[in-house]
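Structural overview for review
Next come the chains, spelled out residue by residue.
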Amino acid sequence: MDKRDLALQKSCSIISMPMYTPLAPLESNGERIVIGRNGTFIEVRRPWARIVAKVGPALATTVPFGSIDETVEFTAEKLPRALLAEFIEWAKQDCTVEIGAVITWNATNGEYLLRRSKSNHATSGSLDYELPQLAEEEHIVVDCHSHSHHPAFFSSVDDRDDCHAVKFAFVVGKCNTPNPTTKTRLCVRGVFKPINWSI
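It should be emphasised that the depicted structure is a prediction, and the values quoted were computed from it without experimental measurement. (Residues numbered from 1 in each chain as written. Predicted model: local features only at pLDDT ≥ 70, side-chain atom pairs only at ≥ 80, totals over all residues. Heavy atoms only, no water.)

**Focus on the overall build of the chain**
A tally of helices and strands in the chain yields three helices and 13 strands. Reported as C-alpha extents along the three principal axes, the dimensions of the chain are approximately 55 × 35 × 35 Å. By residue count, 41% of the 199 residues in the chain fall in the buried class. Of the contacts formed within the chain by residues at least 6 apart in sequence, a portion of 53% connects residues at least 24 apart. Only carbon and sulfur atoms are counted for the fraction: they give 52% of the accessible area of the chain, which is about 11200 Å². (Helix = DSSP H or I, 4+ residues; strand = E, 2+ residues; numbered from the N terminus. Buried < 20%, exposed > 50% of the residue type's maximum accessible area, 1.4 Å probe, protein only. Contact = heavy atoms within 4.5 Å. Areas by Shrake-Rupley, 256 points an atom, 1.4 Å probe, with all protein chains shown as cover.)

**Focus on the packing of aromatic side chains**
Per the counting criterion, the structure on display carries five aromatic pairs. Taking the centre distance of 6.1 Å and the plane angle of 45° together, the rings of tryptophan 48 and phenylalanine 74 count as tilted. You can see tryptophan 48 sitting in the loop between strand 3 (39-46) and strand 4 (49-56) and its partner phenylalanine 74 sitting in strand 5 (residues 71-74), a full 26 residues away along the chain. Taking relative accessible area as the criterion, tryptophan 48 reaches 2% and is therefore assigned buried. Ring geometry for phenylalanine 168 and tryptophan 197: centres 4.8 Å apart, planes at 45°, overall tilted. Here phenylalanine 168, found in strand 11 (residues 166-173), pairs with tryptophan 197, found in the segment after strand 13 (191-195); they are 29 residues apart in sequence, far enough to count as distant. Take phenylalanine 168: its relative accessible area is 3%, and that puts it in the buried class. (Phe/Tyr/Trp six-rings, centres within 6.5 Å; stacked < 30°, edge-to-face > 60°.)

**Brief notes about the pattern of salt bridges**
Tallying each qualifying case throughout the model produces 14 salt bridges. Beyond isolated ion pairs, a larger network of salt bridges with shared partners links Asp143, Asp159, Asp162, Lys167 and Arg185. (Salt bridge = Lys/Arg side-chain N within 4 Å of Asp/Glu carboxyl O.)

**Section: the sheet that holds strand 5**
Strand order in the open sheet made by the five strands is 1-2-3-4-5, with mixed pairing throughout. Unpaired on one side and paired on the other, strand 1 (12-16) and strand 5 mark the two borders of the sheet. Across the sheet, the mean angle separating the axes of adjacent strands is 20° when strand polarity is ignored. Relative to strand 2 (residues 30-36), strand 1 is paired through five bridges, and the arrangement is parallel. Looking at the pairing, isoleucine 14 lines up with isoleucine 33 of strand 2. Set on the sheet, helix 1 (residues 3-11) makes contact with strand 1 and strand 2; between it and strand 1 the angle comes to about 60°. (Pairing = 2+ DSSP bridges. Axes fitted to C-alpha atoms, helices over the stretch in contact; angles between N-to-C directions.)

**Here we look at the nonpolar core**
Membership of the largest hydrophobic core comes to 35 residues, with the highest contact counts inside it found for Trp48, Phe87, Ile103 and Val142. When residues of this core are assigned to their parent elements, the largest contribution, six residues, is made by helix 2 (residues 81-93). Dropping the residues within four chain positions of it, tryptophan 48 is found in contact with Glu73, Phe74, Thr75, Ala76, Trp105, His139, Ile140, Val141, Val166, Lys167 and Phe168. With six residues, the next largest nonpolar core counts Leu23, Val34, Phe41 and Val52 among its residues. (Core = buried A, V, L, I, M, F, W, Y, C linked by side-chain atoms within 4.5 Å.)

In structure tokens:
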């Protein structure tokens, strides 16, 4: 086999879900495809979490595989929702334009931090921004942005921006009102899972 194919297969292997044995988690950061009786799943491990998400339907034939459950297991402490509330306050203060920020997790000290993204161009309907520079031990857990006075939703531009990422995405809209609206989703390599976070 071509060495390039070997490298690609090593970077994302494919395994079947055992019928009688629990799935042994990935031992290091990376990802793999797991075929189960109930569908095709991707398992992703990052320093801050291990995620198993369904990405496709069950095979059309009978297979001797076990069933798989979707899961998000935080390696880090659970995300402090107060940081999301703080971003909402930022969005309300700058409600005439869209703004961006990230919540990072530090693998060395275990701390979460809300950091403002640099806006290159911002209007009430668009945002071009740069993510903050990260130290080696820092990892983006949540990518946040606002929609000014528009409702909270994920656009086709958001889909393109998020399609290769492993993170949570958080958007706040109606920032010019007393009660802004929010939407959250888990992004796993082009699969988007709605999340219901109370803040």
